[in-house]
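Descriptive analysis of the structure
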Amino acid sequence: MAIKKIQVVGAGQMGSGIAQVAVQRGLAVHLADVEQEMVEKGLETIKKNLSRSVEKERISQEEMDDAMGRIDSGTEYAQDADLAIEAAPETMEIKTEVFRALDEQLKEEAILASNTSSLSITKLGAQTNRPEKFIGMHFFNPVPALKLVEIIRGLETSDETYDAVNELAERLEKTPVEVQDSPGFAVNRILVPMINEAVYCVMEGVSEPEDVDTAMKLGTNQPMGPLELADLIGLDTCLHVMEVLHEGFGDTKYRPCPLLKRYVAAGRLGRKSGRGFFEYDQS
Ligand SMILES: NC(=O)c1ccc[n+]([C@@H]2O[C@H](COP(=O)([O-])OP(=O)(O)OC[C@H]3O[C@@H](n4cnc5c(N)ncnc54)[C@H](O)[C@@H]3O)[C@@H](O)[C@H]2O)c1
């Protein structure tokens, strides 16, 4: 099935980014959130991003106007959407509620996709009457800039669903990578334990935060050190991913570093709180 219209659920950081990329590639998008105010905020973000691209002459004003013309929005879902991509908060309760409503309201052929970072696609799909049309589409932040989409197959996901979503990811000029439904999928399973290990290095006095980051940047050619990256992601999010891995695999190698837990308990969450491993100017 060719996907022409997408229902994006959740107009936050990820939802607005997904909507932006889709309308820039010629798809029609309906952007929904629980409150009109959140929808407006999401639309504003998209407008701001596209205006910046016009200023930098990456796209023309006409291209921006065309893209904005392809979005409509509101607090209801578009029943004629071919695909829904859910980017609501990361709890099983909220996502279950969203998917039950989408399952009830969208046409029978519509595919349902979740942008979850850590919940089981199989379990989410089982909350609907169409688990064969249920799949994970894990975009990365910021969506317009990062090329990867992990496409996650649930136990019941059909090949037809997979192919349609894979093709869509390519139309969005992303690089899709197939992964199975397993805790942390591929990227977070590799990345976040590395961050956790960097925190252990600090806790055990192996090296100072600046030195850990310099070592990893210069020694492994990463553009950003693991602790600077942890501050950017949010230390609470890093801790949550470690807990998902620890619980999901039952393997002590995923034990969250006690120092990471202490920082989160103290409200040192990284950039968003002004302080994590490094300090940030909040003004
Ligand atoms: N931020 C990231 O780096 C990142 C990366 C990949 C995946 N994700 C995943 O994407 C999802 C969204 O994350 P985000 O960072 O965009 O969060 P966010 O808080 O920026 O946005 C979530 C939006 O969902 C809305 N919302 C709340 N309840 C809703 C409901 N019942 N129906 C519809 N909308 C509802 C909120 O009002 C908010 O606008 C999460 O599952 C997260 O794990 C996040």
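The sections below set out a description of the structure shown in this document.

What counts and what doesn't
- Residues numbered from 1 in each chain as written.
- Predicted model: local features only at pLDDT ≥ 70, side-chain atom pairs only at ≥ 80, totals over all residues.
- Heavy atoms only, no water.
- Buried < 20%, exposed > 50% of the residue type's maximum accessible area, 1.4 Å probe, protein only.
- Helix = DSSP H or I, 4+ residues; strand = E, 2+ residues; numbered from the N terminus.
- Pairing = 2+ DSSP bridges.
- Right-handed = clockwise from strand over helix to strand, strands pointing away.
- Axes fitted to C-alpha atoms, helices over the stretch in contact; angles between N-to-C directions.
- Parallel < 35°, antiparallel > 145°, perpendicular 65-115°, else oblique.
- Contact = heavy atoms within 4.5 Å.
- Nonpolar A, V, L, I, M, F, W, Y, C, P; charged D, E, K, R; others polar.
- Near = heavy atom within 4 Å.
- Polar contact = N/O pair within 3.5 Å; in protein donor to acceptor, adjacent residues only side chain to side chain.
- Areas by Shrake-Rupley, 256 points an atom, 1.4 Å probe, with all protein chains shown as cover.
- 1 Å grid on protein atoms, 1.4 Å probe; cavity = no way out; pocket = protein on both sides within 12 Å on 5 of 7 lines; lining within 4 Å.
- Sits in = over half its atoms within 2 Å of the grid points.
- Patch = residues over 30% accessible without salt bridge, like charges linked within 9 Å, V, L, I, M, F, W, Y side chains within 5 Å.
- Salt bridge = Lys/Arg side-chain N within 4 Å of Asp/Glu carboxyl O.
- Lys, Arg positive; Asp, Glu negative; His and termini not counted.
- Charge placed at Lys NZ, Arg CZ, Asp CG, Glu CD.

As for the pairing of strand β1 (residues 5–9)
Most of β1 sits out of view: 5 of its 5 residues are buried. Residues of β1 alternate between two faces, with K5, Q7 and V9 on one and I6 and V8 on the opposite face, all of them buried. Summarising the sheet, β1 and strand β2 (residues 28–32) pair through 5 bridges and their orientation is parallel. Counted as the bridge partner of K5 is A28 from β2. You can see the chain leave β1, run along helix α1 (residues 13–24) and come back into β2, and the turn it takes is right-handed.

Details of the packing of helix α9 (residues 226–233) against helix α10 (residues 235–249)
Where α9 contacts α10, the axes come no closer than 6 Å and their chain directions differ by 100°. Put simply, α9 runs roughly perpendicular to α10. In contact with A230, D231 and I233 of α9, α10 contributes L235, T237 and C238. A per-class count over the contact of α9 with α10 returns 4 nonpolar, 1 polar and 1 charged.

Thoughts on the site of the ligand
Taken together, 22 residues surround the ligand, and among them M14, D33, E90, K95 and S117 come closest. Within the contact set of the ligand, an oxygen atom lies 3.0 Å away from a side-chain nitrogen or oxygen of N115. Residue S117 places a side-chain N or O atom 2.8 Å away from an oxygen atom belonging to the ligand. Here the ligand loses 76% of its free accessible area of 830 Å² to cover by the protein chains. Here the ligand occupies the largest pocket. Among the secondary structure elements, those contributing two or more residues to the shell around the ligand are α1, α4 (92–105) and β6 (134–139). No other element matches the 3 residues that α4 contributes to the shell around the ligand.

Some remarks on a negative patch on the surface
On the surface, E62, E63, D65 and D66 cluster together to form a negatively charged patch. Mapped onto the fold, D65 is located in helix α3 (residues 61–69). You can call D65 partly exposed: its relative accessible area is 43%.

Concerning α9
Within α9, the full set of buried residues consists of P226, L227, L229, A230 and D231. Packing partners of the buried residues in α9 comprise α7 (187–203), α8 (209–220) and α10. Looking one or two residues beyond α9, the residue adopting positive phi is G234, at roughly 110°.

What to know about the sheet that holds β6
Reading across the sheet, the 8 strands line up as β3-β2-β1-β4-β5-β6-β7-β8 and stay open at both edges, with mixed pairing between neighbours. Pairing within the sheet leaves two strands with one partner each, and these edge strands are β3 (71–74) and β8 (175–180). Strand after strand, the sheet turns through a mean of 25° between neighbouring axes, direction not considered.

Focus: the side chain of D231
Examined against the element boundaries, D231 turns out to sit in helix α9. Here D231 is buried and forms no salt bridge, its nearest opposite-charge partner R271 lying at an N-O distance of 6.8 Å. Side-chain polar atoms of D231 contact the backbone nitrogen of F278, separated by 3.0 Å. There is a polar contact of 2.7 Å between the side chain of D231 and the side chain of Y280. Aside from chain neighbours lying at most four places away, what touches D231 is L269, G270, R271, G276, F277, F278 and Y280.

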